[in-house]
Amino acid sequence: MQADFWHAMWQSGQVGFHQPDINAFLKDYWPMLGLEGSEEVLVPLCGKTLDMLWLAQQGHDILGVELSQKALDEFLAENQLTAQPVAHHAFCGYELNKMTLLCGDFFDLSPEQCTHIAAVYDRAALVALPSKMRQRYAQHLINILPSHAQILLVNVEYGDDPNMGPPFCVPEAEVFELFGHAFKIEVLAQSLGQRKGMKALEKVFLLKRNS
Ligand SMILES: C[S@@+](CC[C@H](N)C(=O)[O-])C[C@H]1O[C@@H](n2cnc3c(N)ncnc32)[C@H](O)[C@@H]1O
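- As annotated in an unreviewed UniProt entry, the chain carries the name Thiopurine S-methyltransferase and comes from Thiosulfativibrio zosterae.
- A UniProt comment under Subcellular location (unreviewed entry) is attached to the chain, and it reads "Cytoplasm".
- Taken verbatim from the UniProt record of the chain, the Catalytic activity (unreviewed entry) comment is "S-adenosyl-L-methionine + a thiopurine = S-adenosyl-L-homocysteine + a thiopurine S-methylether."

**Concerning the overall build of the chain**
Consideration 1: Tallying secondary structure elements over the chain gives six helices and nine strands in all.
Consideration 2: Relative to the globule expectation of 17 Å for 211 residues, the C-alpha radius of gyration of the chain, 16 Å, shows essentially globular dimensions.
Consideration 3: Expressed as lengths along the three principal axes of its C-alpha atoms, the size of the chain is roughly 45 × 45 × 30 Å.
Consideration 4: The buried share among the 211 residues of the chain stands at 53%.
Consideration 5: Once local pairs closer than 6 in sequence are excluded, the contacts in the chain between residues at least 24 apart make up 66%.
Consideration 6: Carbon and sulfur atoms make up 51% of the accessible area of the chain, which amounts to about 9,900 Å² in all.
Consideration 7: Separation of charge centres in the chain, based on 15 positive and 25 negative side chains, amounts to 5 Å.

**Thoughts on the pattern of salt bridges**
Side-chain pairing between opposite charges can occur once the charged atoms of the two side chains come close.
Consideration 1: One pass over the full model with this rule turns up eight salt bridges.
Consideration 2: In this structure, glutamate 74 engages lysine 70 in a salt bridge whose closest nitrogen and oxygen atoms are separated by 2.7 Å. Pair noted here: glutamate 74 and lysine 70 are both in helix α4 (residues 69–78), with a separation of four residues, about one helical turn.
Consideration 3: Measuring nitrogen to oxygen at the nearest pair gives 2.6 Å for the salt bridge that ties glutamate 172 to lysine 203. Here lysine 203 lies in strand β9 (residues 198–209) and glutamate 172 lies in helix α6 (residues 172–179), a separation of 31 residues in the sequence.
Consideration 4: Looking at glutamate 172, the relative accessible area reads 27%, which means it is partly exposed.
Consideration 5: On the basis of relative accessible area, lysine 203 is assigned to the buried category, the value being 7%.
Consideration 6: Among the charged side chains, a network of salt bridges with common partners joins Lys48, Lys70, Glu74 and Glu78.

Parameters at a glance
- Residues numbered from 1 in each chain as written.
- Predicted model: local features only at pLDDT ≥ 70, side-chain atom pairs only at ≥ 80, totals over all residues.
- Heavy atoms only, no water.
- UniProt positions renumbered as here; feature names shortened; annotations may be inferred.
- Helix = DSSP H or I, 4+ residues; strand = E, 2+ residues; numbered from the N terminus.
- Rg over C-alpha atoms; globule rule 2.2 N^0.38 Å.
- Buried < 20%, exposed > 50% of the residue type's maximum accessible area, 1.4 Å probe, protein only.
- Contact = heavy atoms within 4.5 Å.
- Areas by Shrake-Rupley, 256 points an atom, 1.4 Å probe, with all protein chains shown as cover.
- Lys, Arg positive; Asp, Glu negative; His and termini not counted.
- Charge placed at Lys NZ, Arg CZ, Asp CG, Glu CD.
- Salt bridge = Lys/Arg side-chain N within 4 Å of Asp/Glu carboxyl O.

What follows is the structure in C-alpha cells.
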C-alpha cells in the first residue's frame, strides 16, 4: 500500500481497523513473552491504537511508528495526552510520558533507533501490507531488531483472494516463510470471526529469536 492510500484513509476517517477496546489477544497473551514490564516495545504501523496505552500501563516504554500525523494527533487528543514535538532522523513526532510516537515511514526506522527494543507488538501491521511489502517489512524488522527481541503477532486469514485487502489474508505458512529463518514460531491461539462478510481466522503468533 502506498502512503497516499493511508493518508486518504485517515483524512476521510475510514479507519474501521481501529479498535475501541484493548485487543483481547494482547491482554491474554502478552504475559507469554515473560517480560519484566519495564522494557521498550516497538509498535510498527501503530495508527492510534489504544493497545499502546495498555502496554504503557504494564510499565513498558513505547516506540510507535506511523505514517499519518493525523493518526498520532487523534491518539493524543482522544486520550487527553500532552506531548512535546520531536524530530528524529527522517521522522517527526511526539515525546510523552513513556512513549515516543514517530511520524514517518517504518522502512526508515534504523537499528540505532531500536537498540533497546525487547519486543514488538504487531496487530494489523503485517496484514495491512500487500505481498511484496510484507517481505520487505519482515526483513526490515529482522534487520533492525536486537538479537533478543520477540514479536507478538496478531494475524488474520480469510477469503481466497490474496490480492484483496487491506487487511490482506496472510496464511500461517507465509508467517513461517517470512520469519522462520530468524525466529522460532509458536501459534498461541486462534479464533473464528468475520472480515468483509467472510469467515476469518485470527491467529496469534509468538516469535522468539533462533538461538
Ligand atoms: C491497518 S492500520 C493498523 C493500525 C494499528 N496497528 C491498529 O491496530 O489499529 C495500518 C496503519 O499503518 C500505517 N502505515 C501504513 N504504511 C506505513 C509505513 N510504511 N510506515 C508507517 N506507518 C504505515 C497506516 O497509516 C495505518 O494507520
